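# Geometric and topological summary
Spelled out, the chains give:
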Amino acid sequence: MARQWILNSQKGFENSLEYQENIQIPAASDLGPKEVLVKMFAASLNYRELMIATPGTMAGPIQPPVIPGCDGAGLVEATGSAVRDFRVGDRVVTHLAPKLVEASGNDAPPTMADVHDMLGFRRDGTLRSYAVFPEAALVPAPKSLDWLPASTLTCTWVTAWNALYGLEGNQIGPGSWVLVQGTGGLSIAVLQLAVAAGANVVGTTSTDDKASRLSTLGAVHTANYRLNPESWGTEVRNHTPNGRGFDIVIDVGGYQTLPQSLTAVRPDGLLLILGGVGDMNAEPVPIFAAVEHTCVVRGIFGGSRTQFYELVKYIDENGVRPAVDDVVFELAEIKEAYRRLSEKKHFAKVVIRIDHPDA
């Protein structure tokens, strides 16, 4: 029998998450022609999971009940009659936007219009022990990764790959200077990919312990934004050659951090707006600010399925191993995992091990 979590409402994760057991596992004969049954072994959480469970956020309404989560890794147990890319026994990871792939192909980039049809929103997601996904919701897992690190790739790592390699003419390379903010999953993914590419990465954080961990992963400098809240953008810019600024700045804080990000980016540099985990009541930053700082501004939602394939190949060829949080949760402990993410006690990705004691 299977186990799963559902969101039965959007009243915050403490009130809306519901654990269900003794769920019937679909048989191969129950699958549609393009469906795949996956035995899940790991999943991970993103900030979006908190937003989806909370009323009044930019996520918008769900249609409960829905199984949350978009990141996951598992083993193919059965396939529909028309599935061509996967066979029983294949190791797979989930792709965020299968409906977009089905409509527009593997190269289509996700946009805000696609968000509601992504896994864990209005399509059942990954926080379950067995899952039926459309073939377009899967890609082969990296051969070099165990289940837990493989389960982190879907959202943050594909977004990081798109950020660093997705814009022709503004791609990362050896010697590039990259700024990341904080120690959440996306920033750590960017850091690890940038270091693997031979770039110089500077990271901001709030504690000496987290600064030390950033350095261990390859950051050449760190800055404590709490000690210098009004001018850390200038502080980190001074670490670049001749204080010229960063080639790529990754902003995950939104309005709260954008003024400092604009200060840090070099002329004609690339500022990527990838999140809004900061104080969204902070004063809005007008897009005209890009003119004042003569930079390129880009916002993205994840990446295409083609980019996911590229990422998997890169990870295997370059031996990149995604960092994960020190605490590993079991499937039954999802509320504790959400709580750790909400309280920002984690480093990198919050991960969930999905055991199968009856197997």
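For the structure, check the block above.
Presented here is a report on the structure given in the accompanying data block. These numbers were taken from a predicted model, which means no experiment stands behind them.

This next bit is on the packing of aromatic side chains. A full pass over the atoms with the stated rule returns six aromatic pairs. Ring geometry for tryptophan 161 versus tyrosine 314: centroids 5.1 Å apart, planes at 55°, classification tilted. Here tryptophan 161 is found in helix H5 (residues 153–165), whereas its partner tyrosine 314 is found in helix H11 (residues 305–318), with 153 residues between them in sequence. Using a relative accessible area of 7% as the deciding quantity, one classes tryptophan 161 as buried. The exposure class assigned to tyrosine 314 is buried, which follows from its relative accessible area of 14%. Connected via pairs of aromatic rings, a cluster forms that spans Trp161, Tyr165 and Tyr314. Cation over ring: arginine 91 sits above tryptophan 147, and NZ or CZ is 4.5 Å from the ring centre. Sitting over the ring of phenylalanine 347, arginine 213 keeps its end group 4.1 Å from the ring centre.

To continue, consider the state of the cysteines. For the structure shown, the criterion picks out zero disulfides. You can see cysteine 70 has no disulfide; the closest cysteine sulfur is in cysteine 155, sitting 4.7 Å from it. Since its relative accessible area comes to 15%, cysteine 155 is described here as buried.

Moving on, we come to the sheet that holds strand S9 (residues 200–205). The sheet built from six strands is open, its strands ordered S10-S9-S8-S11-S12-S13 with parallel pairing. At either end of the open sheet lies a strand with only one pairing partner, and these are strand S10 (221–224) and strand S13 (296–299). The average angle at which neighbouring strand axes cross in this sheet is 20°, direction not considered. Both S9 and S10 contribute to a ladder of four bridges, which runs parallel. The residue of S10 that forms the bridge with threonine 204 is alanine 223. Helix H6 (residues 185–196) contacts strand S8 (177–181), S9 and strand S11 (246–251) of the sheet and is inclined by roughly 160° relative to S8. Relative to the sheet, helix H7 (residues 208–216) contacts S9 and S10, its axis offset from that of S9 by approximately 165°.

Analysis parameters
- Residues numbered from 1 in each chain as written.
- Predicted model: local features only at pLDDT ≥ 70, side-chain atom pairs only at ≥ 80, totals over all residues.
- Heavy atoms only, no water.
- Phe/Tyr/Trp six-rings, centres within 6.5 Å; stacked < 30°, edge-to-face > 60°.
- Helix = DSSP H or I, 4+ residues; strand = E, 2+ residues; numbered from the N terminus.
- Buried < 20%, exposed > 50% of the residue type's maximum accessible area, 1.4 Å probe, protein only.
- Lys NZ or Arg CZ within 6 Å of the ring centre and 35° of its normal.
- Disulfide = S-S within 2.5 Å.
- Pairing = 2+ DSSP bridges.
- Axes fitted to C-alpha atoms, helices over the stretch in contact; angles between N-to-C directions.
- Contact = heavy atoms within 4.5 Å.

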